[in-house]
Amino acid sequence: MKTIAIDFETANEQRGSACSVGLAWIEDGRVVRVEERLIRPREMRFSSFNIAIHGIRPDHVEDAGEFPEVMDEFIDDFRGATMIAHNAAFDFSVWRACLDQYRQSYPELSYLCSVKMAQKVWPHLISHKLNILAQHLGLSFLHHNAAEDAAVCAEASIAIARSLEVMHIHDIPTAIGMRAGRLFSGGYDACTLRKQ
């Protein structure tokens, strides 16, 4: 079962302005590969607010591929995978908005939200932001770097599976009453968590 954590950074307030993607592959309960790619947004408009968050500027991405080219490198990895994002509603809306811009169909995959999972499993934490989870797990990382964010999302998901004593990350939804989200050629279903 393929499991990959994903994180996007955006150039501005528009969801279709992805300027970086980070990916972390999980196998046998550990992170085995981490990749980051810069993306040249279709509209090269970077807001000072977003630059202050992630440090990516227009000159960093001027030689990068646009969204379809960058994501096509990983298309075989995504097919049939379980994806995870920290605040999946954001990251998967970025993915969809970018695909919509280029009139491309959505890949077929399911996805989980590590924020929702962490809220359910570690309700005592003061926050479930990625930096708080990293602190809770004793991990140091460079926040708002897409590759490092994806890696911490992956590590948190592995830790959640251990806490729940389930074999695989894709067993977490059943254990906590979550319905995995889905992307498919006709649209998407959001990842939801049943209320108590």
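Residues numbered from 1 in each chain as written. Predicted model: local features only at pLDDT ≥ 70, side-chain atom pairs only at ≥ 80, totals over all residues. Heavy atoms only, no water.

Engineer: Please give an account of the overall build of the chain that cites residues and values.
Structural biologist: The number of helices and strands found in the chain is nine helices and nine strands. Relative to its length of 196 residues, the chain is compact, with a C-alpha radius of gyration of 16 Å against a globular reference of 16 Å. Projected onto its principal axes, the C-alpha positions of the chain cover 45 × 35 × 30 Å. By the burial criterion, 52% of the 196 residues in the chain qualify as buried. The long-range share in the chain, meaning contacts at least 24 apart out of those at least 6 apart in sequence, stands at 61%. Carbon and sulfur atoms form 47% of the exposed surface of the chain, whose accessible area is close to 9700 Å². Positive and negative side-chain charges in the chain, numbering 20 and 26 respectively, have mean positions lying 8 Å apart. (Helix = DSSP H or I, 4+ residues; strand = E, 2+ residues; numbered from the N terminus. Rg over C-alpha atoms; globule rule 2.2 N^0.38 Å. Buried < 20%, exposed > 50% of the residue type's maximum accessible area, 1.4 Å probe, protein only. Contact = heavy atoms within 4.5 Å. Areas by Shrake-Rupley, 256 points an atom, 1.4 Å probe, with all protein chains shown as cover. Lys, Arg positive; Asp, Glu negative; His and termini not counted. Charge placed at Lys NZ, Arg CZ, Asp CG, Glu CD.)

Engineer: Lay out the sheet that holds strand β4 (residues 82-85) in plain terms, naming residues and giving numbers.
Structural biologist: Taken together, the seven strands give an open sheet; going across it, the order is β3-β2-β1-β4-β5-β7-β8, and neighbouring strands pair in mixed fashion. The open sheet has two edge strands, β3 (30-38) and β8 (187-189), and neither has a second partner. With direction set aside, neighbouring strand axes in the sheet form an average angle of 25°. Note that strand β1 (residues 3-10) and strand β2 (residues 18-27) share eight bridges and pair antiparallel. Looking across to β2, one finds that A5 is bridged to A24. Here helix α6 (residues 114-121) sits on the sheet in contact with β4 and β5 (109-113), set at roughly 45° to β5. (Pairing = 2+ DSSP bridges. Axes fitted to C-alpha atoms, helices over the stretch in contact; angles between N-to-C directions.)

Engineer: Hey, could you go over the nonpolar core for me, with residue numbers and the actual values?
Structural biologist: Side chains that are nonpolar tend, in soluble globular proteins, to be buried together. Grouped together as the largest cluster of nonpolar side chains are 55 residues, with contacts concentrated most on I6, F67, M83, F92 and W95. Looking at this core element by element, the count peaks at nine residues for helix α8 (residues 146-164). Those residues in contact with F67 that lie beyond four places of it in its chain are F8, A18, I39, R40, W95, C98, L99 and Y102. One finds A11, C19, I51 and I56 within the second-largest nonpolar core, a separate group that totals seven residues. (Core = buried A, V, L, I, M, F, W, Y, C linked by side-chain atoms within 4.5 Å.)

Engineer: Tell me what's going on with the packing of α6 against α8, and back it up with residues and numbers.
Structural biologist: α8 packs onto α6 with a crossing angle of 35° between their chain directions and a minimal axis gap of 10 Å. Between α6 and α8 the crossing geometry is left-handed. Taken together, the residues of α8 that come into contact with α6 (itself represented by S114, M117, A118 and V121) are C153, S157, I160, S163 and L164. For the contact of α6 with α8, a count of residues per class yields six nonpolar, three polar and no charged. (Left-handed = near helix turned anticlockwise from the far one by under 90°. Nonpolar A, V, L, I, M, F, W, Y, C, P; charged D, E, K, R; others polar.)

Engineer: How would you summarise the packing of aromatic side chains if you had to cite specific residues and measurements?
Structural biologist: What the rule picks out here adds up to seven aromatic pairs. Taking 4.9 Å as the distance between ring centres and 65° as the angle between the ring planes, the aromatic pair formed by F78 and W95 counts as edge-to-face. In this pair, F78 sits in helix α4 (residues 75-78) while W95 sits in helix α5 (residues 88-101), placing the two residues 17 residues apart along the sequence. With a relative accessible area of 1%, F78 lands in the buried category. Seen in terms of ring centroids, F92 and Y111 are 3.9 Å apart; in terms of plane orientation they differ by 10°. Their pairing is stacked. In this pair, F92 sits in helix α5 while Y111 sits in strand β5, placing the two residues 19 residues apart along the sequence. (Phe/Tyr/Trp six-rings, centres within 6.5 Å; stacked < 30°, edge-to-face > 60°.)

Engineer: Could you give an account of the pairing of β2, with specific residues and numbers?
Structural biologist: The buried fraction of β2 is high, at nine of ten residues. The pairing of β2 with β3 spans eight bridges and is classified as antiparallel. In the strand pairing of β3, V21 is matched with R37. Two successive antiparallel strands, β2 and β3, enclose a turn made up of two residues, where D28 displays a positive phi of approximately 50°.

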